[in-house]
Amino acid sequence: MKPISTDKAPAAIGPYSQAIVFGNIVITSGQLPIDPATGQFPEGGIKEQTRQSLTNVKNILAEAGLDMSHVVKTTVFLADMGDFADMNAVYSEFFTQPYPARSAVAVKTLPKNALVEIEVIAER
């Protein structure tokens, strides 16, 4: 296993890595919508937070030498399933066919009261 770390995504604030390379697989930790330059959520709502979470994922994958076309599976955690359509609109800007498999679930609360958190599995 090899950890992946970049300053273009929020630093891990606990005992975890931004991502791990395991053989030909890269697995990211869940990415909150934190702007690594400010340490804050972007202004706005679910669309802006989804864009930031996916930008963080994209930057982590770039550090591993990959791009979003290498993603085979995503998991999207939403604080409110009522935000699904707006999240999905932004999500579609980051992926092209063939789309990765995806799970989207509503959870009671996300860290720092985020509206979204996204993790991915990519293949090298």
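Above this text sits the structure in question.
For the structure given in this document, a descriptive report is provided here. (Residues numbered from 1 in each chain as written. Predicted model: local features only at pLDDT ≥ 70, side-chain atom pairs only at ≥ 80, totals over all residues. Heavy atoms only, no water.)

## So, the environment of Asn24
As a reminder, the rule being used: Comment: elements are numbered from the N terminus, with helices defined as DSSP H or I runs of at least four residues and strands as E runs of at least two. Contact definition: two residues touch when any of their heavy atoms are within 4.5 Å.
By the element assignment, Asn24 lies in the loop between strand S2 (19-22) and strand S3 (25-28). The spacing of Asn24 and Ala122 is 98 residues in sequence and 8.4 Å in space, taken between C-alpha atoms. When near neighbours in sequence (up to four residues on either side) are disregarded, Asn24 contacts Ala122, Glu123 and Arg124.

## Describing the packing of aromatic side chains
Let me state the cut-off plainly: Planes of paired rings set the category: under 30 degrees apart is stacked, over 60 is edge-to-face and the rest tilted, where pairs are Phe, Tyr or Trp rings (Trp by its six-membered ring) whose centres lie within 6.5 Å. Classification of residues uses two cut-offs on accessible area relative to the type maximum, computed with a 1.4 Å probe and protein chains only: under 20% is buried, over 50% is exposed, and between them is partly exposed.
With the rule as written, the count across this model stands at 1 aromatic pair. For the pair Tyr91 and Phe95, a centre-to-centre distance of 4.6 Å together with 35 degrees between the ring planes defines the contact as tilted. On the basis of relative accessibility, which here comes to 6%, the residue Tyr91 falls in the buried class.

## Focus on the pairing of strand S5 (residues 101-106)
We apply this condition: A pair of strands is labelled paired if DSSP reports no fewer than 2 bridges between them.
The pairing of strand S4 (residues 71-78) with S5 spans 6 bridges and is parallel. Note on S5: the bridge partner recorded for Val76 is Ala104.

## A look at the pattern of salt bridges
Here is the rule we go by: One side-chain nitrogen of Lys or Arg within 4 Å of one carboxyl oxygen of Asp or Glu is enough to make a salt bridge.
According to the stated counting rule, one finds 1 salt bridge in the structure shown. Residue Glu93 is joined to Arg51 by a salt bridge in which the shortest nitrogen-to-oxygen separation is 3.1 Å. Highlighted residues: Glu93 in the loop between helix H2 (84-91) and S5 and Arg51 in helix H1 (residues 46-63), separated in sequence by 42 residues. Arg51 sits in the partly exposed class, given a relative accessible area of 33%.

## A short note on the sheet that holds S3
Selection criterion: Helix axes are fitted only over the stretch in contact, all axes being lines through C-alpha atoms; the angle between N-to-C directions runs from 0 to 180 degrees.
A sheet is described by the order of its strands in space; here 6 strands give the open sequence S1-S2-S3-S6-S4-S5, paired in mixed fashion. One side of each edge strand has no neighbouring strand; the edge strands of this open sheet are strand S1 (2-4) and S5. Across the sheet, the mean angle separating the axes of adjacent strands is 15 degrees when strand polarity is ignored. As defined by bridge partners, S4 adjoins strand S6 (residues 116-123) across 7 bridges and the pair is classed as antiparallel. The residue bridging Thr75 from the neighbouring strand is Glu119, located in S6. Strand contacts of H1: S1, S2, S3, S4 and S6, with the helix running at about 30 degrees to S6, the strand carrying the most contacts.

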